[in-house]
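# A closer look at the structure
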Amino acid sequence: MSRLSRRDFVVRSAAGAAALGAGNLLGSGALAAEEGAAMAIARWGGAQPGADGIDAAAVKLTEQAVAGIGGMKRFVGNGDVVWVKPNIAWDRTPELAANTNPDVVATVVRLCLEAGAKTVKVGDHTCNVATATYQSSGIAEAARRAGAEVVHVDPLRFRETAVKGERFDALKLYPEMLECDLLVNVPIVKHHGLATATLCMKNLMGLMDDRRRYHQALPDMLTDLTRFVKPRISILDGVRILTRGGPRGGNPEDVAVKMTVAAGVDVVALDAFGAELMGKKLDEVPSIGKAQAAELGTADYRSLSPREMNVS
Amino acid sequence: MSRRRRIVTGARVRRLVQLVFLLVFFGWVLLARPVSPAEPHPWFKLGFLLDPLILIFTWVAAHAVPLVLLFSLVVIGVTLVMGRVFCGWVCPLGTIHDVAGRGFDRLQRNPKRRDRWSRWQLTKYFVLVGFLAMAVFGVHWICVFDPLVLFYRTTTTVLLPGAQWAVEESSTAAFHSDPGTVRDWLMAVTEPVYDFTGDHVFVVKQQAFLGAGLIALVFVVLLVLNAYRRRFWCRYLCPLGALLGVFAWRPLLRRAIDKETCNQCDLCAMRCHGAAAAESGDRWKPSECLGCLNCTESCNRDSSRFHLAWPWRKEPTTESVDLSLRAALGAAVGGLIALPLMRLSPQSRGKRFHPLLIRPPGAREEREFLKRCTSCGLCMKVCPTGGLQPAVSEAGLEGLWTPRLVPRLGYCEYDCTLCSQVCPTEAIRPLGVEEKHQTKIGLAAFDTTRCIPYAYGRECMVCEEHCPVPDKAIYFIEAEVVDRDGMTKTVKQPHVDPDLCIGCGVCENKCPYADRPAIRVSSANETRNPDNQPILPGGDIY
């Protein structure tokens with residue numbers, strides 16, 4: 001305990017600040033926050049759009065999915081600082097489905113601003129060189145056009161943070177993301193060689209530094225990380241999904257167009273839905289069972305009676 | 001003592017111009033950064049295009065030069081008219097030596113100027129001629145000591161990383177300090193500095209270079225030599241200065257003393273940058289004159305003046321440096337005798353290859369590469385991952401400070417071709433992205449005594465995750481392992497496909513081991529050296 005005293009202090013003050021922030025939110029919009037479904041799934045019901053139409057459809061799907069859980073006002077307070085956290089990991093173009101769809105991200109940004117956010121930051125801890133990755137993913141430009149502040153993660157500014165998990169005491173996390181009023185988790189549904197699928201929980205790894213060694217214990221680490229971060233809203237991009245060769249991909253043949261966006265408050269349920277979208281059984285994605293056992297959510301997403309919508 | 005005080009003197013104008021050029025050259029180094037890997041700015045290599053030494057030696061050694069280097073003929077043209085004004089007014093290394101010299105003026109009680117012409121100043125011409133003879137046999141090494149190259153390399157690997165480290169580490173320390181202590185007001189100072197330098201000066205993440213200490217040592221030694229003679233480097237050693245000195249043999253712009261008014265006070269000779277004055281200041285060696293105008297400024301009687309004269313007009317006070325044909329031939333023979341010294345390391349004789357000498361994609365076959373590479377460090381500066389590092393011993397003496405990829409420090413980004421786009425001498429050929437994807441620079445191999453799924457039966461697969469080849473040069477096979485209690489379980493064990501692996505090194509870079517990675521890339525299979533391709537393509541696994 002004495003060894004960690006300084007970190008504890010830092011984290012406690014951060015946690016105190018966060019609690020104050022949450023208190024404010026409860027004071028102002030708490031009642032509204034309880035309304036709305038826990039989960040919504042928007043599927044494209046119209047004709048299969050062409051390559052150009054996918055982008056416009058992604059916008060509608062995202063709008064509908066968010067509306068389905070009660071709209072962004074449920075999560076964003078007036079004057080809030082919001083961090084939208086897509087998956088911007090790889091130096092790949094949107095067609096290769098290695099990063100979150102830029103139109104989904106841009107729509108989330110716009111919805112946050114419309115709901116009263118003061119600042120919407122968009123950024124991720126990339127795997128490839130950040131400047132190139134932000135550019136080729138199309139996210140930097142789309143987010144900027146939607147009014148977001150595109151932020152590069154500074155490798156010097158990660159901070160050893162006491163997460164007090166089951167297996168891990170401390171992880172190196174990015175303070176700027178944690179200290180925002182709201183973190184909007186916007187992952188893409190992707191195949192992953194080791195985790196078999198990368199979804200909402202895996203996307204939170206973008207808050208971390210020194211990630212490599214945690215691949216030995218991904219389910220444990222993801223559970224500890226999710227418990228600490230407690231994402232209040234996740235929007236799962238299933239417009240284009242990567243079915244093989246993930247997480248980095250690169251082969252257009254490995255991409256499937258699913259035209260689906262799901263939103264919700266329960267990351268475990270969303271992950272279970274994402275696994276299903278990929279045609280995987282739940283026990284093939286070990287982090288889902290692990291997180292359910294840790295009571296972070298339910299893998300039986302149907303029990304939440306999600307609002308399912310056909311968008312066209 | 002009725003000296004006229006003039007506000008605007010030629011030497012003052014020259015100092016101002018020097019300062020501007022120094023800032024421009026520093027700005028030029030800062031400009032070359034991997035902001036947008038797709039489009040390297042053509043100005044990244046601008047400074048080297050001013051350099052006739054690189055032009056001439058590359059042409060002699062490799063019998064070919066990129067046409068843009070012909071731009072440096074402008075500098076030769078200027079030298080034919082005005083002498084070595086490039087050295088005196090433009091060269092950033094020269095300006096740094098001036099500044100160092102002024103520093104020593106204050107430190108040394110009796111400044112040892114010795115500003116008379118010394119025959120030792122011929123050294124630079126002998127070195128130039130000797131290396132020109134070696135260049136015929138493909139030795140390009142003198143360009144490693146070209147002043148612009150020296151300046152660029154030192155700034156890139158020593159000065160800039162040092163400054164960035166100091167700024168960023170100190171403000172990061174403040175950022176990470178305890179709240180409630182001095183942190184708040186400390187950060188009120190450090191954060192704006194950090195943000196400004198991060199946005200406008202350094203822009204990219206910190207770089208660090210192996211063996212930068214040696215580069216720093218060379219730089220410091222050259223600076224300290226100013227304590228013995230001002231502008232020691234420029235007078236005695238600089239190969240570019242020697243080259244320009246040859247072209248400044250009889251320039252149009254000449255200096256002469258008005259014998260009527262001169263009282264031989266020697267002030268002009270004492271302040272001469274190039275030690276161009278022989279006798280008591282009334283003679284003048286244009287090949288040594290840097291055009292600094294200190295002589296006209298210091299003269300109380302206005303006796304030292306520059307004028308124009310046709311090249312065929314000889315003037316009695318204008319002297320050549322007396323580089324006799326015999327001495328030049330001797331220097332050339334000396335160069336040939338020294339030639340084997342350049343080829344002493346085993347790799348320089350072909351057939352054997354250093355496993356750690358992983359050249360960037362597009363690098364020519366080793367012999368051809370060394371005929372062109374100046375070790376300027378531009379490729380290292382633009383490498384977005386910081387993986388390109390100066391070779392210290394891996395490429396032999398001839399390949400000192402030439403670029404090699406150290407995957408542990410930074411990998412070769414799959415879609416990036418920056419280093420090949422910026423190379424001023426095309427030692428690294430310009431590659432398109434498609435061609436780059438097909439270019440192998442090495443081959444990865446697992447160390448199964450360390451690799452986590454092999455050695456400890458646990459999951460990992462970070463290397464497979466990062467492998468950029470669309471069909472994955474790293475694949476895994478599920479294998480049964482037995483733990484110490486005799487229980488079996490399956491883990492995914494990674495393998496390398498030698499046909500697909502391009503040696504980019506991202507696997508080695510991302511391997512969880514922070515000391516010696518469990519997958520390492522060696523130069524084997526590199527496209528550029530057919531003799532270093534042990535694995536035949538397209539074979540079946542046995």
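### Brief notes about the overall build of chain B
Looking only at helices and strands, chain B features 21 helices and eight strands. In terms of its C-alpha atoms, chain B occupies a principal-axis envelope of roughly 105 × 65 × 40 Å. Here chain B holds 542 residues, and 46% of them are scored as buried.

### Quick notes on the overall build of chain A
Summing up its helical and strand segments, chain A has 10 helices and 12 strands in all. A buried classification covers 55% of the 312 residues belonging to chain A. In chain A, the proportion of contacts linking residues at least 24 apart, taken out of those at least 6 apart, comes to 78%.

### Brief notes about the interface of chain B and chain A
Between chain B and chain A, the contact holds 34 residues from the first and 26 residues from the second. Among the elements of the structure, helix 7 (147–176) and helix 20 (462–466) of chain B are those that each provide at least two residues to the side of chain B that touches chain A. Split into classes, the residues belonging to the side of chain B that touches chain A amount to 16 nonpolar, five polar and 13 charged.

### Here we look at helix 1 (residues 10–31) of chain B
Residues and elements named next belong to chain B. If you check helix 1, its first and last C-alpha atoms are 31 Å apart, about what 22 residues at 1.5 Å a residue would give, namely 32 Å. Along helix 1, the positions that sit buried rather than exposed are Arg 14, Gln 18, Leu 22, Phe 25, Trp 28 and Val 29. Here the buried residues of helix 1 occupy an arc of 120° about the axis, which is enough to place them on one side. Those residues of helix 1 that are exposed and angled more than 90 degrees off the buried face are Val 13, Leu 16, Leu 23 and Gly 27. Residues of helix 1 that are buried make contact with helix 4 (85–90), helix 5 (92–107) and helix 7.

### Brief notes about the environment of His 125 of chain A
All names here are of chain A. Residue position: His 125 is located in the loop between strand 3 (119–122) and helix 4 (130–136). Looking at His 125, the number of C-beta atoms within 10 Å reads 21, which means it is buried. For the pair His 125 and Val 104, spaced 21 residues apart in sequence, the C-alpha separation works out to 19 Å. Excluding anything up to four places from it in sequence, His 125 contacts Val 153, Tyr 174 and Gly 206.

### Some thoughts on the confidence of the model for chain A
On average, residues of chain A score 86 in pLDDT, and 89% of them are at 70 or above. Low pLDDT (under 50) marks residues 19–34 of chain A, which in the prediction has eight contacts with non-local residues, meaning those over four places away or in another chain.

### Structural notes on the pairing of strand 11 (residues 255–264) of chain A
All names here are of chain A. When you tally the buried positions in strand 11, you get seven out of 10 residues, the bulk of the element. Taken together, the five bridges between strand 1 (residues 39–44) and strand 11 define a ladder with antiparallel strand orientation. Pairing of Ala 40 across the sheet is with Ala 263, part of strand 11. As judged from the eight bridges shared by strand 10 (residues 233–242) and strand 11, these two strands associate in the antiparallel manner.

### Describing the packing of helix 1 of chain B against helix 5 of chain B
When two helices pack together, you describe them by how their axes are tilted relative to each other and by the distance separating the axes. Residues and elements named next belong to chain B. Packing of helix 1 against helix 5 leaves a shortest axis separation of 9 Å and a crossing angle of 120°. With respect to each other, helix 1 and helix 5 are oriented oblique. In the crossing of helix 1 with helix 5, the sense of the turn from one axis to the other is left-handed. Here helix 1 contributes Gln 18, Phe 21, Leu 22 and Phe 25 to the contact with helix 5, which in turn contributes Pro 92, Thr 95 and Asp 98. Broken down by class, the residue content of the contact of helix 1 with helix 5 amounts to four nonpolar, two polar and one charged.

### Concerning the domain arrangement of chain B
Residue and element names in this part refer to chain B. Examined at the domain level, chain B breaks down into domain 1 (10–33 + 44–151 + 216–308), domain 2 (156–214) and domain 3 (346–532). When each unit is reduced to the centre of its C-alpha atoms, the spacing between domain 1 and domain 3 is 42 Å. In this assembly, 20 residues from domain 1 lie in contact with 18 residues from domain 3. Take the side of domain 1 that touches domain 3: its biggest share by element is four residues, from helix 2 (residues 52–62).

### Comments concerning the nonpolar core
Nonpolar side chains in soluble globular proteins generally cluster together in the buried interior. Counting 233 residues, the largest nonpolar core has Val 84, Val 105, Val 109, Cys 112 and Ile 235 of chain A as its most contacted members. Counting residues per element, this core draws most heavily on helix 6 (residues 123–135) of chain B, which supplies nine residues. If sequence neighbours within four positions are ignored, Ile 235 of chain A has contacts with Thr 62, Ala 65, Val 66, Val 104, Val 108, Val 184, Val 186, Val 261 and Ala 263 of chain A.

### What to know about the packing of helix 6 of chain B against helix 11 (residues 239–247) of chain B
Residues and elements named next belong to chain B. The contact between helix 6 and helix 11 brings their axes to 8 Å, and the two run at 95°. Between helix 6 and helix 11, the interaxial angle falls into the category roughly perpendicular. The segment helix 6 lies against helix 11, with Lys 124, Tyr 125, Val 127 and Leu 128 engaging Pro 239, Gly 241, Ala 242, Leu 243 and Gly 245. Tallied by class, the residues present in the contact of helix 6 with helix 11 amount to six nonpolar, two polar and one charged.

### Section: unusual backbone geometry
Residue and element names in this part refer to chain B. The phi torsion at Gln 264 lies on the positive side, around 55°, for a residue other than glycine. Within the secondary structure, Gln 264 sits in the loop between strand 1 (253–257) and helix 12 (267–270). Its 14 C-beta neighbours within 10 Å are what place Gln 264 among the partly exposed residues.

### Some remarks on helix 11 of chain B
Residue and element names in this part refer to chain B. Within helix 11, seven of the nine residues are buried, which leaves the element mostly enclosed by the surrounding structure. Those residues of helix 11 not exposed but buried are Pro 239, Leu 240, Gly 241, Ala 242, Leu 243, Leu 244 and Gly 245. Considering only its buried residues, helix 11 is in contact with helix 2, helix 3 (73–82), helix 4, helix 6, helix 7 and helix 10 (232–237).

### Section: the environment of Arg 119 of chain B
Residue and element names in this part refer to chain B. Its location among the elements puts Arg 119 in the loop between helix 5 and helix 6. By C-beta crowding, Arg 119 is classed as exposed, having 8 other C-beta atoms within 10 Å. As for Arg 119 and Tyr 236, which are separated by 117 residues in sequence, their C-alpha atoms are 9.5 Å apart.

### Some details on the environment of Thr 198 of chain A
Residues and elements named next belong to chain A. By secondary structure assignment, the location of Thr 198 is in strand 9 (residues 196–198). When the C-alpha atoms of Thr 198 and Leu 277 are compared, they prove to be 12 Å apart, with 79 residues separating the residues in sequence. Non-local contacts of Thr 198, meaning those with residues more than four positions away in its chain, are made with Lys 190, His 192, Asn 203, Gly 246 and Pro 247.

Reading guide: rules and limits
Residues numbered from 1 in each chain as written. Chains lettered and ligands numbered in written order. Predicted model: local features only at pLDDT ≥ 70, side-chain atom pairs only at ≥ 80, totals over all residues. Helix = DSSP H or I, 4+ residues; strand = E, 2+ residues; numbered from the N terminus. Buried ≥ 20, exposed ≤ 12 C-beta atoms within 10 Å, placed from the backbone. Contact = placed C-beta atoms within 7 Å. Nonpolar A, V, L, I, M, F, W, Y, C, P; charged D, E, K, R; others polar. Expected span 1.5 Å × (residues − 1). Arc of directions from axis to C-beta. pLDDT = per-residue confidence, 0-100. Pairing = 2+ DSSP bridges. Axes fitted to C-alpha atoms, helices over the stretch in contact; angles between N-to-C directions. Parallel < 35°, antiparallel > 145°, perpendicular 65-115°, else oblique. Left-handed = near helix turned anticlockwise from the far one by under 90°. Domains from an automatic or database assignment. Core = buried A, V, L, I, M, F, W, Y, C linked by C-beta atoms within 7 Å.

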